[in-house]
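The chain contents come next:
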Amino acid sequence: MSPQTNPAANTGLSFELTKEQQDLRARVHEFAQQRITPVAADMYRTGEYPVEIIQAMGREGFFGLSFPEEYGGSGGGLLELCLAIEEVGRADQSLGITLESSTGLGAAPIARWGTPEQKERWLPDLLTGQKVAGFGLTEPGGGSDTVGMKTRAELDGDEWVINGSKSWIGNAGSPITSHCTVTAVTGTQPDGRPEITTIIVPAGTPGFEPQERNDLVGWRTIDNRNLVFRDCRVPVSHTLGERGQGLRNFLGALDGGRVAIAALAVGMIQGCLDECLRYAGEREAFGRAIGTYQGISFKIADMAVRAQLARDAVWRAAWLADQGRPYSQEAYIAKLFASEAAATTAREAVQVFGGKGFSNESLVGRFYRDAKILEIGEGTSEVQRMLIGRLLGLPKPA
Ligand SMILES: Cc1cc2nc3c(=O)[nH]c(=O)nc-3n(C[C@H](O)[C@H](O)[C@H](O)COP(=O)(O)OP(=O)(O)OC[C@H]3O[C@@H](n4cnc5c(N)ncnc54)[C@H](O)[C@@H]3O)c2cc1C
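Residues numbered from 1 in each chain as written. Predicted model: local features only at pLDDT ≥ 70, side-chain atom pairs only at ≥ 80, totals over all residues. Heavy atoms only, no water.

A short note on the overall build of the protein
Within the protein one finds eleven helices and ten strands. Taking 2.2 N^0.38 as the reference for a compact globule, 398 residues should give roughly 21 Å; the C-alpha atoms of the protein span a radius of gyration of 22 Å, in line with that estimate. Dimensions of the protein, computed from C-alpha atoms along their principal axes, come out at roughly 75 × 55 × 45 Å. Residues counted as buried form 54% of the 398 residues belonging to the protein. Taking all contacts inside the protein whose residues are at least 6 apart in sequence as the whole, residues at least 24 apart take part in 73%. (Helix = DSSP H or I, 4+ residues; strand = E, 2+ residues; numbered from the N terminus. Rg over C-alpha atoms; globule rule 2.2 N^0.38 Å. Buried < 20%, exposed > 50% of the residue type's maximum accessible area, 1.4 Å probe, protein only. Contact = heavy atoms within 4.5 Å.)

Things to note about the site of the ligand
Within the structure, the ligand sits among 19 residues, and Thr-138, Gly-143, Ser-144, Thr-380 and Glu-382 are positioned closest to it. In the model, an oxygen atom of the ligand is placed 3.0 Å from a nitrogen or oxygen of the Gly-170 main chain. Here the ligand, which alone exposes 980 Å², has 64% of that area covered by the protein. Top element by residues in the shell around the ligand is strand β3 (residues 159-170). It accounts for three residues. In terms of residue class, the shell around the ligand is built from nine nonpolar, eight polar and two charged. Mapping the shell around the ligand onto the domain boundaries places at least three of its residues in each of domain 2 (134-247) and domain 3 (248-391). (Near = heavy atom within 4 Å. Polar contact = N/O pair within 3.5 Å; in protein donor to acceptor, adjacent residues only side chain to side chain. Areas by Shrake-Rupley, 256 points an atom, 1.4 Å probe, with all protein chains shown as cover. Nonpolar A, V, L, I, M, F, W, Y, C, P; charged D, E, K, R; others polar. Domains from an automatic or database assignment.)

Points about the pairing of strand β2 (residues 152-156)
Pairing of β2 with β3 involves five bridges; the strand directions are antiparallel. Counterpart to Arg-152 in the pairing with β3 is Asn-163. In textbook terms, the turn of a hairpin is the stretch between consecutive antiparallel strands, and for β2 and β3 this stretch comprises two residues, one of which, Gly-157, has a positive phi near 65 degrees. (Pairing = 2+ DSSP bridges.)

Section: the UniProt feature "domain: Acyl-CoA dehydrogenase/oxidase N-terminal" (unreviewed entry) in the protein
The UniProt record annotates "domain: Acyl-CoA dehydrogenase/oxidase N-terminal" (unreviewed entry) at residues 18-130. Secondary structure across residues 18-130 comprises 72% helix and 0% strand; the distance between its end C-alpha atoms is 29 Å. (UniProt positions renumbered as here; feature names shortened; annotations may be inferred.)

Let's talk about the packing of helix α7 (residues 246-282) against helix α8 (residues 294-322)
With their axes 9 Å apart at the nearest point, α7 and α8 run at an angle of 155 degrees to one another. Regarding the angle of α7 to α8, the classification is roughly antiparallel. Like other packed secondary-structure pairs, α7 and α8 cross with a definite hand, here left-handed. Across the interface between the two elements, Val-259, Ala-262, Ala-263, Val-266, Ile-269, Gln-270, Cys-272, Leu-273, Cys-276, Leu-277 and Ala-280 of α7 pack against Ile-296, Ile-300, Met-303, Ala-304, Arg-306, Ala-307, Ala-310, Arg-311, Val-314, Ala-317 and Ala-318 of α8. Here the residues of the contact of α7 with α8 are counted per class, giving 19 nonpolar, one polar and two charged. (Axes fitted to C-alpha atoms, helices over the stretch in contact; angles between N-to-C directions. Parallel < 35°, antiparallel > 145°, perpendicular 65-115°, else oblique. Left-handed = near helix turned anticlockwise from the far one by under 90°.)

Thoughts on the UniProt feature "domain: Acyl-CoA oxidase/dehydrogenase middle" (unreviewed entry) in the protein
As recorded in UniProt, the feature "domain: Acyl-CoA oxidase/dehydrogenase middle" (unreviewed entry) lies at residues 135-232. Span residues 135-232 is 0% helix and 56% strand, its end C-alpha atoms 16 Å apart.

Regarding the packing of aromatic side chains
All told, the structure shown has three aromatic pairs when counted by the stated rule. With centroids separated by 5.3 Å and ring planes inclined at 85 degrees, the aromatic side chains of Phe-31 and Phe-62 adopt a geometry described as edge-to-face. A residue pair is termed long-range when its members are at least 10 positions apart, and Phe-31 in helix α1 (residues 19-36) and Phe-62 in the loop between α3 (51-59) and α4 (78-91) qualify at 31 residues. Accessibility classification places Phe-31 together with Phe-62 in one group, the buried group. (Phe/Tyr/Trp six-rings, centres within 6.5 Å; stacked < 30°, edge-to-face > 60°.)

Concerning α3
Burial in α3 covers these residues: Ile-53, Ile-54, Gln-55, Ala-56, Met-57 and Gly-58. Looking at the buried residues of α3, the elements they touch are α1, α2 (40-46), α4, α5 (93-113) and β1 (132-136). Note on α3: the residue one or two positions beyond its end, Gly-61, has a positive phi of about 90 degrees.

Notes on the side chain of Thr-98
Along the chain, Thr-98 falls in helix α5. Non-local contacts of Thr-98, meaning those with residues more than four positions away in its chain, are made with Tyr-49, Ile-54, Phe-63, Val-132, Asn-171 and Ile-222.

Here's what the structure looks like:
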């Protein structure tokens, strides 16, 4: 049945991007080709934090895509941000995650729960990419079990005094970090559970001590550190959202972050597909292009299947979020499927490239190292499955 005669054609189900969204995608793609791809291998080798490119992405408006215009954003939604993250991540995953984390974990909680003063102070620099920010939840004792955190904040007059430590925190100690928002135990709830509050800690506050950058397997050029808080004092006006609502707020912000991580994974899958298509046509073995062998062409066909399904999952979740509709389950599904699909795809892409794929000079080699963290950050695959199971009505452990 042709679309013209299909009575269901006008039900509102559409996979067409608007003209503006298509233009945005093309613009980010061009930026990535011109500014990121030529230097990506070198950046990976040196590990240098790429301040200049991050700020150039900021001037292009990539950090403000999903935020209101009054603070320097462009008034789009999660879908626009996902389109940009896919294109940046297709060229370099470290820059893709810096874009994701500074928007999703740095700016979004302030845009959502901040007071007018907090928004005024922190958002303009973040949405124009001149500064980055992080969110510290994970602790040495564990990231999945968020309620078990040990970092404490106690009120002393009109100041919080924070003591404790955080692990693996992004954008918390870079030369352009504006602040890090942290969760801390601030008391006990009537039911005996810890009261957890979110507090904004400006960079340079005495007692806020970001450690050396972590030496990571992948994402080689991100700013990622462990943090120590020693009698770190910040005004009580730096409380983000209501006291005691810290965990709920953070977990709410994570849903959007999970969709954005899935978009980063789609960028990796698409990048692998593009590289393998090119290489399989050029590289010869036994007198024929390797792409003529089914053993190789089937791998590449499977990459195209994963790219399409993962992208569909991301667009669906982002579209629901932008409609203001519930999208938690779609976010978990997109994150779980896209990250595992990316890890499989990167492994297969290295296989297509043979020895060259095992070099950091090759994009697929760098993707192979970058892939694993997609199944861990912003909730592991096990945690996504656990959350999907709960939404399906499966019982919680006692
Ligand atoms: C590069 C990088 C960047 C990061 N950025 C940030 C950041 O910016 N901010 C931040 O707060 N955190 C950040 N993290 C931390 C990340 O979110 C955690 O590593 C992740 O949530 C897992 O926590 P964990 O490492 O403590 O593992 P654990 O929680 O100790 O889990 C260990 C293993 O046990 C499994 N497991 C745990 N509980 C269950 C369960 N109930 N059922 C089944 N399996 C379970 C996990 O899935 C995992 O396989 C980052 C981590 C890395 C490596």
